[in-house]
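If you want the building blocks of each chain, they are given just below.
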Amino acid sequence: QVQLVESGGGLVQAGGSLRLSCAASGRTFSNYIMGWFRQAPGKAREFVAAISWTGSSTYYVDSVKGRFTISRDNAKNTVYLQMNSLKPEDTAVYYCVRDRAARTMDTIPSGRYEHYYWGQGTQVTVSS
């Protein structure tokens, strides 16, 4: 099993930036895709971004392209989500995930809850 702990959330004004971190423990995550989902109040979880185990391949939901950057440091067992030009629509609880199997990148956004290990989430609030 894998334990994922998110940090870095907070309150920021529109146009500002935050960097989320996800620290993994228990077992290595270097051979698996990792990513971020988010859940706004009253809504279902939404895929945000994913990164391959090598870091050479990334995938983003259209609404964050050009604003968010996902990266990982396997030596530190940490994945990051740099969020720039934040909008009120980005307000949500952000969850770090690790794929439970060696799946392909294209399967990640639509994966079922059971396909991932989940962190506890960190709140991001963007004011207008």
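Before reading on, note that the structure itself is shown above.
Since the model is a prediction, treat every value here as computed from it, not as a measurement.

Comments concerning the pairing of strand β9 (residues 92-99)
So, step 1. With seven of its eight residues buried, β9 lies for the most part within the structure.
So, step 2. Two strands pair when backbone bridges link them, and strand β4 (residues 34-39) and β9 are joined in this way by six bridges, in the antiparallel orientation. Among the inter-strand pairings, M34 is bridged to a residue of β9, identified as R98.
So, step 3. Here β9 pairs with strand β11 (residues 122-127) via three bridges, running antiparallel. In the sheet register, A92 faces β11, and the bridge partner there is V124.
So, step 4. Pairing analysis gives three bridges linking β9 to strand β10 (residues 116-118), with the strands arranged antiparallel. Bridging from a neighbouring strand, R98 pairs with Y117 of β10.

Observations regarding the pairing of strand β1 (residues 3-7)
So, step 1. Here β1 shows a buried face lined by L4 and E6 and an unburied face lined by Q3, V5 and S7.
So, step 2. Note: β1 against strand β3 (residues 18-25), five bridges, orientation antiparallel. Within β3, the position partnered with S7 by the bridge is S21.

Brief notes about the pattern of salt bridges
So, step 1. Enumeration over the complete set of coordinates arrives at six salt bridges.
So, step 2. For R38, the salt bridge is made with E46, and the minimal N-O distance between the two is 2.9 Å.
So, step 3. The exposure class of E46 is partly exposed, given its relative accessible area of 33%.
So, step 4. The shortest N-O distance in the salt bridge between R103 and D99 comes to 2.8 Å.
So, step 5. The exposure class of R103 is partly exposed, given its relative accessible area of 23%.

Topic: the state of the cysteines
So, step 1. Under the criterion given, the structure shown has one disulfide.
So, step 2. Note on cysteine connectivity: C22 is disulfide-linked to C96, with sulfurs 2.1 Å apart. The disulfide joining C22 to C96 has a torsion of about -80° about its S-S bond and is therefore left-handed. Taken together, the residues span a long stretch of sequence, with C22 in strand β3 and C96 in strand β9 at a distance of 74 residues. Note on accessibility: C22 and C96 belong to one class, buried.

Focus on the environment of Y80
So, step 1. Structurally, the position occupied by Y80 is in strand β8 (residues 78-83).
So, step 2. The buried category is assigned to Y80, whose relative accessible area is 15%.
So, step 3. Those residues in contact with Y80 that lie beyond four places of it in its chain are R19, L20, S21, W36, T69, I70, S71 and D73.

Reading guide: rules and limits
- Residues numbered from 1 in each chain as written.
- Predicted model: local features only at pLDDT ≥ 70, side-chain atom pairs only at ≥ 80, totals over all residues.
- Heavy atoms only, no water.
- Buried < 20%, exposed > 50% of the residue type's maximum accessible area, 1.4 Å probe, protein only.
- Helix = DSSP H or I, 4+ residues; strand = E, 2+ residues; numbered from the N terminus.
- Pairing = 2+ DSSP bridges.
- Salt bridge = Lys/Arg side-chain N within 4 Å of Asp/Glu carboxyl O.
- Disulfide = S-S within 2.5 Å.
- Contact = heavy atoms within 4.5 Å.

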